[in-house]
Amino acid sequence: MKYLLLLLFPLQTFAQQWVFPGSQWTYHVYGWTGESLLYLNYEKDTVLSAQSCAKLRATLIKATHIGPDVYQIDTIYPESIYTYSQK
């Protein structure tokens, strides 16, 4: 009987996936001192505090206006973003 119960209850459960491998979001942000591009890329699935979530890697490319027709370009790597779907 013990073996039958193991077959009825799988050891691993699966949640609905809403971020798919290869997903990428691009945001174009305008401000007073210039403009930026924010890229969010799906990195992997993980578990935080018993919650299945997706890890997103962020890259910010910032163009700051520092003079007439002169811009300073910086690439910034903020901390990763963790997101999940809640019903």
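Thresholds applied
- Residues take numbers from 1 onward in each chain, read along the sequence in its written order.
- In keeping with the predicted nature of the model, local features appear solely for residues at pLDDT of at least 70, side-chain atom pairs appear and are counted solely at 80 or more, and the whole-chain, interface and lining totals rest on all residues.
- The side-chain quantities take in all heavy atoms of the structure and omit both hydrogens and water.
- Strands are treated as partners if at least two bridges between them are detected by DSSP.
- Helical segments are the DSSP runs of H or I of at least four residues, strand segments are the runs of E of at least two, and each set is numbered from the N terminus.
- Each salt bridge in this description consists of a side-chain nitrogen of Lys or Arg and a carboxyl oxygen of Asp or Glu lying within 4 Å of one another.
- Partly exposed describes any residue whose relative accessible area lies between the buried limit of under 20% and the exposed limit of over 50%, with all areas from a 1.4 Å probe on protein chains only and scaled to the type maximum.
- The pLDDT value tells you how sure the predictor is about a given residue, anywhere from 0 up to 100.
- It only takes one pair of heavy atoms within 4.5 Å for two residues to be counted as in contact.

**Q** Could you give an account of the pairing of strand β3 (residues 51-67), with specific residues and numbers?
**A** As defined by bridge partners, strand β2 (residues 34-48) adjoins β3 across 14 bridges and the pair is classed as antiparallel. For Ser36, the partnering residue across the bridge sits in β3 and is Lys62. Linking two consecutive strands that pair antiparallel, namely β2 and β3, is a turn of 2 residues; a positive phi of about 50° is found at Ser49 within it. Across 3 bridges, the pairing between β3 and strand β5 (residues 81-83) is antiparallel.

**Q** So what's going on with the pairing of β2? Which residues, and what values?
**A** In terms of strand pairing, strand β1 (residues 24-31) meets β2 through 8 bridges, oriented antiparallel. What sits directly across from Val29, in β2, is Ser36. Linking β1 to β2, which pair antiparallel, is a turn of 2 residues.

**Q** How would you sum up the pattern of salt bridges? Please name residues and give values.
**A** One pass over the full model with this rule turns up 2 salt bridges. Here Glu43 and Lys55 are joined by a salt bridge, their closest N and O atoms 3.4 Å apart. Pair noted here: Glu43 is in strand β2 and Lys55 is in strand β3, with a separation of 12 residues, a long-range link. Note on Lys55: relative accessible area 15%, which makes it buried. For Glu43, the salt bridge goes to Arg57, with nearest N and O atoms at 3.4 Å. A residue pair is termed long-range when its members are at least 10 positions apart, and Glu43 in strand β2 and Arg57 in strand β3 qualify at 14 residues. Through salt bridges that share partners, Glu43, Lys55 and Arg57 make up one connected network.

**Q** A description of the confidence of the model for the protein chain should follow, citing residues and the corresponding values.
**A** Confidence in the prediction for the protein chain averages 80 pLDDT; 78% of positions are at 70 or higher. Highest mean pLDDT in the protein chain belongs to strand β4 (residues 70-76) (91); lowest belongs to helix α1 (residues 2-8) (42). Below pLDDT 50 for its whole length, residues 1-13 participates in 0 contacts with residues either more than four positions away or in separate chains.

**Q** Go over unusual backbone geometry, please, and point to the residues and values.
**A** In this structure, Ser49 is a non-glycine residue whose phi angle is positive, near 50°. With respect to the helices, strands and loops of the structure, Ser49 is situated in the loop between β2 and β3. On the basis of relative accessible area, Ser49 is assigned to the exposed category, the value being 79%. Positive phi values are uncommon outside glycine, yet Ala50 reaches one of about 65°. Here Ala50 lies in the loop between β2 and β3. Of the residues examined, Ala50 reaches a relative accessible area of 79% and is grouped as exposed.

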